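# Fold and geometry: a report
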Amino acid sequence: MERYFDRVAKESLVMEKWKKVEELKELGVKPFGSKFDKKYMVGEILTHTPEENLKYKTAGRIMAYRGKGKTLFAHIEDRTGRIQLYLRKDELGDEVFEMVNKIGVGDIVGVEGELFVTHTGELTLRVTSIQLLSKNIRPLPEKFHGLTDVETRYRKRYVDLIMNKEVRDTFIKRTQIIKGIRSILDNKGFLEVETPLMHPILGGAAAKPFVTHHNALNVDLYMRIAPELYLKRLIVGGLEKVYELGRNFRNEGMSTRHNPEFTMIELYQAYADFNDMMDLAEEIITTLAKEVLGTTTVEYNGKTLVLENFKRIHMVDFVKEVTGVDFWDQNMTFEEAKALAKQHHVEVADHMNSVGHVVNQFFEEKCEEKIVQPTFVFGHPVEISPLAKRNEEDPRFTDRFELFIDAREYANAFSELQDPADQRGRFEDQVEEAERGNDEATPVIDDDFVEALEYGLPPTGGMGIGIDRLIMLLTQSDSIRDVLLFPQMKPRD
């Protein structure tokens, strides 16, 4: 306790608050109260009228406090709304009103009372009893400007939530969106499952992992970059429709679009393909927009986006449409593709050794940024799709798609590769690519997954959707940090 007061001794406003604590104790008032039987949320009270002659028992944080003498006004707030309180000495009694004069903005109180409308037309709770539940010790940000510093908002989300209603609304919508996704899939017969967060072998996506160590086994483990390979094992096992909604971890850069710890949903459906996944992705996003926003038209980043009737286009056709370069030519060599890349100022890294790599580079550098309305780009080259099934008509490409909206990727899906020999060969290609310097390629072959395929994977469609980005879109948030309660932050100096 002494160490605590040594730490805050130089903070005069905090020490003034502690004096109030001592004064309350002298009055016999516990500054940090106990259980309170809250009957009504504030938002629920606001739906009623004085004519109903009901008594309301609620609790919340005091966000405004004014008045003097024998009459005081306050506003309390919970996550559902804010309501005015009317406190009179002759109704509460001398002892209680003496306590009331020692509480203020930031304190949490429980109250009981009846509704009336003030002469200014404000619905107000006439308080008949009040109880201090928690004394605020650290002053809230100045009320007229609130908490506006972005750095502080992210580091002290608890204060951000107290001060900014729109922030609370964003995270309430986040919950609604996640519940909505679960509801859609549950109603379609999907099972929600849980798979390991620590993997003995890196796999399931192209990304840099976080590495940890298990002391008892004396082995390194990788924090999950994707649950894909475990979920497909469950399809082999006969569960047929599964999904997992949870955290993944990627040891990569941080930006307005990326956080090293993020939420994703992956789902797999036996006897389906990537076309079914397109239909499902569109249904999920369109349904959520209608349920959460009441419309499929969203204003985002200065653009009007229509979240229905998504466009579908093959990657090669898109590249040709934007650049004029036609990669459908089956006789094109890697050297010819590199020459085209140089001509169009497209970078070809050292680890790339195929026309397919160049096609993808053309798309990423020339086409991706041009996408505004929701667009499924399908037909990714085999070289960059180690887990996707080859297209039967042109095996250079896969039955895979990525969903882009306003130049951002929201979903990745494909018809799953079933052939264990082909899968083993793709893994070997990934190992070779890692050796050539691609630090996102999988450097180890998952032999157990290949063995699982040998038992028989039915035709399967699988998809991953980035939940945080989807919530950004549906809440019109500029940064991923705006939709994460506690985003990763750079340590302070």
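Residues numbered from 1 in each chain as written. Predicted model: local features only at pLDDT ≥ 70, side-chain atom pairs only at ≥ 80, totals over all residues. Heavy atoms only, no water.

## Observations regarding the domain arrangement of the protein chain
Where interface size is quoted, it is often the accessible area lost as the parts come together. Each assigned domain of the protein chain is listed with its residue range as follows: domain 1 (4–134) and domain 2 (163–310 + 373–482). Put simply, the middle of domain 1 and the middle of domain 2, counted by C-alpha atoms, are 48 Å apart. (Domains from an automatic or database assignment.)

## Remarks on the packing of aromatic side chains
All chains considered together, the criterion is met by 15 aromatic pairs. Centroid distance Tyr4 to Trp18: 5.8 Å. Interplanar angle 75°. Geometry classified as edge-to-face. On the criterion of sequence distance, the pair formed by Tyr4 in helix α1 (residues 2–8) and Trp18 in helix α2 (residues 12–26) is long-range, its members being 14 residues apart. Here Trp18 falls in the buried class, since its relative accessible area comes to 14%. Ring geometry for Phe310 versus Phe376: centroids 5.6 Å apart, planes at 45°, classification tilted. (Phe/Tyr/Trp six-rings, centres within 6.5 Å; stacked < 30°, edge-to-face > 60°. Helix = DSSP H or I, 4+ residues; strand = E, 2+ residues; numbered from the N terminus. Buried < 20%, exposed > 50% of the residue type's maximum accessible area, 1.4 Å probe, protein only.)

## Considerations on the sheet that holds strand β5 (residues 123–134)
Neighbouring strands of a sheet are bound in pairs by backbone hydrogen bonds; such pairs are parallel or else antiparallel. Ordered in space as β1-β2-β3-β5-β4, the 5 strands form a closed barrel in which the pairing is mixed. Strand-to-strand twist across the sheet, computed as the mean angle between neighbouring axes with direction ignored, equals 55°. Sheet analysis places strand β4 (residues 108–117) next to β5, joined by 10 bridges and oriented antiparallel. Its bridge partner lying in β5, Leu115 is registered against Leu125. (Pairing = 2+ DSSP bridges. Axes fitted to C-alpha atoms, helices over the stretch in contact; angles between N-to-C directions.)

## Looking at the UniProt feature "binding site: Mg(2+) 1" (unreviewed entry) in the protein chain
What UniProt calls "binding site: Mg(2+) 1" (unreviewed entry) maps, in this numbering, to Glu402 and Glu409. With respect to the element layout, Glu402 can be found in strand β16 (residues 400–405). Sequence-distant contacts of Glu402, defined by excluding residues within four places in its chain, comprise Phe363, Thr375, Phe376, Val377, His380, Glu409, Ala411 and Asn412. Position of Glu409 relative to the elements: it lies in strand β17 (residues 408–415). The contact partners of Glu409, leaving out residues within four places of it in the chain, are Glu402, Leu403, Phe404 and Arg469. (UniProt positions renumbered as here; feature names shortened; annotations may be inferred. Contact = heavy atoms within 4.5 Å.)

## A short note on the pattern of salt bridges
This model, assessed by the stated rule, comprises 35 salt bridges. For Arg424, the salt bridge identified is with Asp447, shortest N-O distance 2.2 Å. Here Asp447 lies in helix α15 (residues 447–454) and Arg424 lies in helix α14 (residues 420–435), a separation of 23 residues in the sequence. By relative accessible area, Arg424 is classed as partly exposed at 30%. (Salt bridge = Lys/Arg side-chain N within 4 Å of Asp/Glu carboxyl O.)

## Considering the pairing of strand β13 (residues 303–306)
Relative to β13, strand β12 (residues 297–300) is paired through 4 bridges, and the arrangement is antiparallel. Directly across from Glu299, in β13, lies its bridge partner Thr304. In this antiparallel pair of consecutive strands, β12 and β13, the connection spans 2 residues, and Asn301 shows a positive phi of 55°.

## Comments concerning the nonpolar core
One finds Ile181, Leu185, Leu307, Phe401, Leu403 and Met463 to be the most contacted residues of the largest nonpolar core, which totals 44 residues. Formed by 26 residues, the second largest nonpolar core is a distinct cluster that contains Leu85, Leu87, Ile103 and Val127. (Core = buried A, V, L, I, M, F, W, Y, C linked by side-chain atoms within 4.5 Å.)

## Observations concerning a nonpolar patch on the surface
A surface patch of nonpolar side chains, amounting to about 360 Å² of accessible area, comprises Tyr158, Leu485 and Phe486. With respect to the element layout, Phe486 can be found in the segment after α16 (467–474). (Patch = residues over 30% accessible without salt bridge, like charges linked within 9 Å, V, L, I, M, F, W, Y side chains within 5 Å. Areas by Shrake-Rupley, 256 points an atom, 1.4 Å probe, with all protein chains shown as cover.)

## Quick word on the sheet that holds strand β10 (residues 241–249)
One open sheet holds the 8 strands; their spatial order is β6-β10-β11-β18-β17-β16-β15-β14, and the pairing between them is mixed. Sheet topology places β6 (191–192) and β14 (311–314) at the edges, where each strand pairs with a single neighbour. Sheet topology note: the β14/strand β15 (residues 375–378) ladder contains 4 bridges and is parallel. Each residue of the ladder has a partner; that of Arg312, found in β15, is Phe376. Most of the contacts of helix α11 (residues 315–323) go to β14, to which it runs at about 90°, and overall it touches β14 and β15.

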